[in-house]
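Spelled out from the first residue to the last, the chains are:
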Amino acid sequence: MLFCVIAATLTLGACLAVLLPLIGGIKGGPAAADHDLEVYRDQLAELGRDVARGLIQSAEAEEARTEIGAASCVSLPPSPVRKRNGPRASRNSWRQSRSWQYRW
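Residues numbered from 1 in each chain as written. Predicted model: local features only at pLDDT ≥ 70, side-chain atom pairs only at ≥ 80, totals over all residues. Heavy atoms only, no water.

Colleague: Break down the overall build of the chain for me, with residues and values.
Modeller: For the chain, the helix and strand inventory stands at 4 helices and 0 strands. Going residue by residue from the N terminus, the α and β elements of the chain occur as α-α-α-α. The buried share of the chain, reckoned over its 104 residues, is 8%. Surface accessibility of the chain: about 9,400 Å² in total, with carbon and sulfur atoms responsible for 62%. (Helix = DSSP H or I, 4+ residues; strand = E, 2+ residues; numbered from the N terminus. Buried < 20%, exposed > 50% of the residue type's maximum accessible area, 1.4 Å probe, protein only. Areas by Shrake-Rupley, 256 points an atom, 1.4 Å probe, with all protein chains shown as cover.)

Colleague: An account of the confidence of the model for the chain is requested, with residue identities and associated values reported.
Modeller: The predicted model of the chain has a mean per-residue pLDDT of 78, with 63% of residues at 70 or higher. Mean pLDDT across the elements of the chain ranges from a minimum in helix H4 (residues 87-98), with 53, to a maximum in helix H1 (residues 2-24), with 92. (pLDDT = per-residue confidence, 0-100.)

Colleague: Account for the pattern of salt bridges, with residues named and values stated.
Modeller: If you walk through the whole model with that rule in mind, you get 2 salt bridges. Where glutamate 62 meets arginine 65, a salt bridge forms, and the shortest distance between an N and an O atom there is 3.0 Å. Of this pair, glutamate 62 and arginine 65 are both found in helix H3 (residues 58-75), 3 residues apart, which corresponds to roughly one turn of the helix. Accessibility expressed as a relative area gives 46% for glutamate 62, which makes it partly exposed. (Salt bridge = Lys/Arg side-chain N within 4 Å of Asp/Glu carboxyl O.)

Colleague: Could you give an account of a negative patch on the surface, naming the residues involved and the relevant values?
Modeller: Taken together, the side chains of Asp34, Glu38, Asp42 and Glu46 define an acidic patch exposed on the protein surface. By the element assignment, glutamate 38 lies in helix H2 (residues 32-53). (Patch = residues over 30% accessible without salt bridge, like charges linked within 9 Å, V, L, I, M, F, W, Y side chains within 5 Å. Lys, Arg positive; Asp, Glu negative; His and termini not counted. Charge placed at Lys NZ, Arg CZ, Asp CG, Glu CD.)

Colleague: Give me the lowdown on a nonpolar patch on the surface, citing residues and values where you can.
Modeller: Together, Val18, Leu19, Leu22 and Ile23 make up an exposed nonpolar region whose accessible area comes to about 440 Å². As for its position among the elements, leucine 19 is in helix H1. For leucine 19, a relative accessible area of 46% puts it in the partly exposed group.

Colleague: So, the side chain of aspartate 50: which residues are in play, and what are the values?
Modeller: Secondary-structure assignment places aspartate 50 in helix H2. Apart from residues no more than four positions distant in its own chain, aspartate 50 is found in contact with Leu55 and Ile56. (Contact = heavy atoms within 4.5 Å.)

Here it is in C-alpha cells:
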C-alpha cells in the first residue's frame, strides 16, 4: 500500500512538472518579431554611420535601406484584414446564401 501511494505521488509530480510549463507557455518574453525589428533598426543605424564616414556611397546606401525595409516588412506578422461590407452587401449575401431554399 505504501508503494502505491509513493508511486502515485511521484507520477503526479512528474506529470505536473511536464504539463505546467506546456500549459502556461512563455510569459513576458519578447516576441521574435520584436527582436527582428531591433536588428533592422541596428542595421539602419550602422548604415547611417557608414555613410557618415564615407565608406558607402549614397546610392548604395539607398539600395541597402530599401533591402532592409523590405526584409523588415517580411518579418512582421500579417495584420488582420477587415471586410468593409455595408448593410446592403450583408443583406444581399444573406439572400444569396438562402436563395437555394426557395428554388424547390
